[in-house]
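Structural overview
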Amino acid sequence: MSLPFRLSVAVPLYNEESVLPEFLRRTRAVIDTVAGGPHQMVLVDDGSVDRTWALLEEAAAADSRLVVVGLSRNFGHQAALTAALDHCSGDAVVVMDADLQDVPEAIPLFVEKFQQGYDVVYATRASRKEAWWLKLCYFLFYRVLAMLSEMRLPLDAGDFALLSRRVVEQLRRLPEHHRYLRGLRSWVGFPQIGIPVDRAERHSGKSKYSIGKLLRLASDGIFAFSIVPLRAAILTGALATALSVLFAIYSVYARLFLKRSPQGFTALVLLITFLSGILLFFMGIIGEYVGRLYEEVKARPLYIVGKTVGWPPAHSPALPATEFATEPIEASRSAAQVKNK
Ligand code: UDP
Ligand code: MG
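A brief look at the structure comes next.

Definitions and limits used
- Residues numbered from 1 in each chain as written.
- Chains lettered and ligands numbered in written order.
- Predicted model: local features only at pLDDT ≥ 70, side-chain atom pairs only at ≥ 80, totals over all residues.
- Heavy atoms only, no water.
- Salt bridge = Lys/Arg side-chain N within 4 Å of Asp/Glu carboxyl O.
- Helix = DSSP H or I, 4+ residues; strand = E, 2+ residues; numbered from the N terminus.
- Buried < 20%, exposed > 50% of the residue type's maximum accessible area, 1.4 Å probe, protein only.
- Donors = N, O, S within 2.8 Å, 3.2 Å for Na, K, Ca; no water.
- Near = heavy atom within 4 Å.
- Polar contact = N/O pair within 3.5 Å; in protein donor to acceptor, adjacent residues only side chain to side chain.
- Nonpolar A, V, L, I, M, F, W, Y, C, P; charged D, E, K, R; others polar.
- Core = buried A, V, L, I, M, F, W, Y, C linked by side-chain atoms within 4.5 Å.
- Contact = heavy atoms within 4.5 Å.

Structural notes on the pattern of salt bridges
Under the definition given, this model contains 14 salt bridges. Residue Asp119 pairs with Arg166 through a salt bridge whose shortest N-O separation is 2.8 Å. Of this pair, Asp119 sits in the loop between helix H4 (107-115) and strand S5 (120-128) while Arg166 sits in helix H6 (residues 165-173), and the two are 47 residues apart along the sequence. Residue Arg166 is classed as partly exposed on the basis of its relative accessible area of 45%. Two residues, Glu288 and Arg292, come together in a salt bridge whose shortest N-O distance is 3.1 Å. Here Glu288 pairs with Arg292, and both are found in helix H10 (residues 265-298), just 4 residues apart, close to one helical turn. Taking relative accessible area as the criterion, Arg292 reaches 12% and is therefore assigned buried. Through salt bridges that share partners, Arg28, Asp32, Asp63 and Arg65 make up one connected network.

Written as structure tokens, this is what we have:
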């Protein structure tokens, strides 16, 4: 007889005291309708400075299906998500935001597809309720990334998704520091499918993604999944060289046969500033890659766990068999550091 299906819901939270009660109520109501169980919710407090942790602790004390993990400080959305994945023990994991923009009511649709044999079921944004300029930026970003990336990344897909256990285990093996999980998720492979889900408005509170953080996530997407920007430097260099050779030939021709030399101080200044601009631009791009190399080489942990409640979970017939499973603090250490101890 096979074991009953167990679902985990992985959620990062940063200062979400105002949505948390409603989020728990709605999500619980939905997972109660999913066959199998007991299901699990893994809530990671990403260093909140409001009452999020207190509320989480309270909720975990009252419900043994909750695992709550408090990080030692704010590590950012993608790191908190990684922490959540590390603490899930279900056969499938639904990754979602806490602000109810990802509607919990879509979870049964994901589970249905999972049971049809898909390893990754992601929500594509059928519609989003955000400012028009933000929508335009998202639209352009996903398309530019798809153009630049050698991999086929689905358009308009966010982090809201269901991942099978084997996909989660593969994701956990990826040590990348700059994580762009929705890209890594595609990279892992296995049968994947997108289903259209409307993206709701934030229930309450403010977005924790400032424009700066959004840009950083976008550049993580581009630099982690493409080296086209580096190739662009070669192309631009080749083009500039070709133009300059042509101009040199023309100059010799003009001197010998037309008896005049090309002139133009203004043109010279323009050319120098233009080319220096391009040079600096590409140095910046190379710098981005070098900086990322540096970050990866340091191999600092992605997150540090400060406190947990409900971990390890009481009913976990299939705790992932990794060295991290029972010691969340170890999970946050890099292999290199553990070796050096
Ligand atoms: N979040 C987090 N750490 C951060 C920023 C955000 O854990 O540093 C969480 C946040 O609580 C939410 C999710 O990540 O559950 C998505 O954040 P948000 O809704 O602010 O982003 P948006 O939907 O506006 O892109
Ligand atoms: Mg949101």
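So, the coordination of the magnesium ion (ligand 2)
Within the protein, the atoms that donate to the magnesium ion (ligand 2) are Asp99 (OD) and Gln101 (OE1), at distances of 1.9 Å. Like Gln101, Asp99 is buried.

Thoughts on the site of ligand 1
Lining the immediate environment of ligand 1, one finds 20 residues, of which Glu16, Asp99, Gln101, Ser207 and Lys208 sit closest. Glu16 is positioned such that a nitrogen or oxygen atom in its side chain is 2.5 Å from an oxygen atom of ligand 1. Between Arg199 and ligand 1, the recorded distance is 3.0 Å, taken from a side-chain N or O atom to an oxygen atom. Going through the elements one at a time, strand S1 (7-13) and helix H3 (77-86) are the ones with two or more residues in the shell around ligand 1. A class-by-class count of the residues in the shell around ligand 1 yields 7 nonpolar, 5 polar and 8 charged.

Description of the nonpolar core
Counting 45 residues, the largest nonpolar core has Val44, Leu71, Leu163 and Leu171 as the members making the most contacts within it. Leaving out residues up to four positions away in the same chain, Leu71 has contacts with Val44, Asp45, Asp46, Gly47, Ala80, Ala83, Tyr303, Ile304, Val305 and Gly306. Leu7, Leu13, Val34 and Ala98 belong to the second-largest nonpolar core, a separate cluster that totals 39 residues.

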